[in-house]
Amino acid sequence: INAEYGEIVADMGKKKNTVDLTITPEMEAKAEQVRADLDKLKKEKIQLKVQRSADKGKTTLSLADKRLNELPPEIADIPDCEMIDVSRNDLVALPDRLFGCTSLQKLDLSRNRVVQLQDELGDLVNLEELYMQNNQLTNLPHTKMASLKVLKYINFSCNQIGTFPEELAHCHLLRELRCSNNTLQMLPDAEWCLLERLDALNNLIQAFPTTVGLWVGCKSINLACNAIQEIPAEIGQLTQLVELHLTDNSIKTLPVEFAKLTKLQRLNLGKNLLVNKRDDVELLALLEDMTDLTELYIHKNGFVSLPD
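Position numbers for residues start from 1 in each chain and track the written sequence from start to end. Whole-chain, interface and lining totals are the exception, using all residues; otherwise, since this is a predicted model, local features are given only for residues with pLDDT of at least 70 and side-chain atom pairs are given and counted only at 80 or more. The basis for the side-chain values is all heavy atoms of the structure; hydrogens and waters are excluded.

K.L.:
Let's hear about the overall build of the protein: which residues, and what values?
P.N.:
Here a helix means four or more residues in a row that DSSP labels H or I, a strand means two or more in a row labelled E, and each is numbered from the N terminus. In terms of regular secondary structure, the protein is built from two helices and 13 strands. Here the radius of gyration uses the C-alpha set of atoms, whereas the globule reference equals 2.2 Å times the residue count to the power 0.38. Since a compact globule built from 308 residues should have a radius of gyration of about 19 Å, the 28 Å found for the protein marks it as more spread out than a globular shape. For each residue, the accessible area found with a 1.4 Å probe, counting protein chains only, is set against the maximum for its type, and the residue is called buried under 20%, exposed over 50%, and partly exposed in between. Taking all 308 residues of the protein together, 41% fall into the buried category. We call two residues in contact when some of their heavy atoms are within 4.5 Å. Of all intrachain contacts in the protein linking residues separated by at least 6 positions in sequence, the fraction that spans at least 24 positions is 31%. Per-residue and other accessible areas were derived by the Shrake-Rupley procedure at a 1.4 Å probe size, with only the shown protein chains allowed to occlude residues. Looking at the protein as shown, the accessible area adds up to about 16800 Å², and 49% of this sits on carbon and sulfur atoms. Counted charges follow a simple rule, with Lys and Arg positive, Asp and Glu negative, and His plus the chain ends left uncounted. In this description, the location of a charge corresponds to atom NZ of lysine, CZ of arginine, CG of aspartate or CD of glutamate. Taking the average place of the 35 positive charges on the side chains of the protein and the average place of its 46 negative ones, the gap between the two points comes to 6 Å.

What follows is the structure, encoded as structure tokens:
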């Protein structure tokens, strides 16, 4: 009896520990139907939200962080809509009708998986703020970007863009440009007289634009981790500059005009090819009148001594 009981227990143990993980065609079909039902429900909720916003006379629409993989055309049905935020979703493309919202002033497409934007982006002629960072863009539309004449803020950082759209040089009201972590090799010779902040960290940029001297109101420039070899004399005209980050480039010297940047508070020149004296210019002596400096980085250069 004990032997038989042991066999029964052992057999029960085997059956208890055995789990069938086989996914049958019926189960796959059921899962697909559930996904389809959820997508349908999600679209209906979006359509309802758009309709309610329109009925209430709202001029903004936020669909951020809704796990959306596509947008319904109805997103463009809010009259006189001024702001649309579809950030932090799983979008790979945008509906054409979106670019018919010519009253838009702010469009946030950041943190999606968008690969390409339509040329009709340039039809949003009232756009002041455009956020496209953290997508999978390899280029930006070229044909109509010059039409964004009132654009003030643009961010297309953390993409795979290798060519800067020259048309953006015609956006003369631009105040903030963020294009870090791409593969840009140059910045356009733009007359951005109102520019206050440029962040082009971690690209392949080889030189300052020749028009940099026109950015007289600029307060912050970040060109760290690029391939810049020379700082132009025109940098001395940026007398409002508070931050300048040029670490990890190939800069060998500083122009004497660099001494005019007396409002600098944070200066990063680390990891370059600078030395104490080049072409009869004591490089560190150019910093003597920068009395507002609170942060100065000159590590990993060729300096062998510091001035008294």
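Text resumes after the structure shown.
K.L.:
Mind laying out the pattern of salt bridges, listing which residues take part and the relevant values?
P.N.:
By definition here, a salt bridge exists when the distance from a side-chain nitrogen of Lys or Arg to a carboxyl oxygen of Asp or Glu is within 4 Å. A complete count under the given rule lists six salt bridges for this structure. In this structure, the salt-bridge partner of Arg178 is Asp199, at a minimum N-O distance of 3.6 Å. Remark: Asp199 occurs in strand E7 (residues 197–199) and Arg178 occurs in strand E6 (residues 176–178); sequence separation between them is 21 residues. Residues joined by salt bridges that share partners form a network here, namely Glu176, Arg178 and Asp199.

K.L.:
So what's going on with the nonpolar core? Which residues, and what values?
P.N.:
Here the nonpolar core consists of buried residues drawn from Ala, Val, Leu, Ile, Met, Phe, Trp, Tyr and Cys, with membership extended through side-chain atoms lying within 4.5 Å. If you look at the biggest cluster of nonpolar residues, it comprises 79 residues, and the most contacted ones within it are Leu107, Phe156, Leu177 and Phe258. If we ignore the near neighbours within four places in the chain, the residues touching Phe156 are Met132, Gln133, Leu140, Ile161, Phe164, Leu168, Leu177, Arg178, Cys179, Asn182 and Leu184.

K.L.:
Could you give an account of the sheet that holds strand E13 (residues 295–297), naming the residues involved and the relevant values?
P.N.:
The strand order across the open sheet built from 11 strands is E1-E2-E3-E4-E5-E6-E7-E8-E9-E10-E13, with neighbouring strands paired in parallel fashion. Two strands bound the open sheet, and with one partner strand each, they are strand E1 (60–62) and E13. On average, each strand axis in the sheet is tilted by 5° relative to the strand beside it, whichever way the strands run. In short, DSSP must find at least two bridges between two strands for them to pair. Strand direction decides the pairing type here: strand E9 (residues 243–245) and strand E10 (residues 266–268), joined by three bridges, are parallel. Considered in E10, the bridge of Leu244 is made with Leu267. Helix axes are fitted to C-alpha atoms over the stretch in contact, other axes to C-alpha atoms as well, and angles between N-to-C directions run from 0 to 180 degrees.

K.L.:
Before we move on, can you summarise unusual backbone geometry with the specific residues and values?
P.N.:
In this model, Arg67 sits at a positive phi of 60°, which is unusual for a non-glycine residue. Counting through the fold element by element, Arg67 comes out in the loop between E1 and strand E2 (83–85). A residue is classified by how much of its surface remains accessible, and Arg67, at 67% relative accessible area, is exposed. With phi around 60°, Asp248 is a residue other than glycine that occupies positive phi space. Among the secondary structure elements, Asp248 is positioned in the loop between E9 and E10. With a relative accessible area of 31%, Asp248 lands in the partly exposed category.

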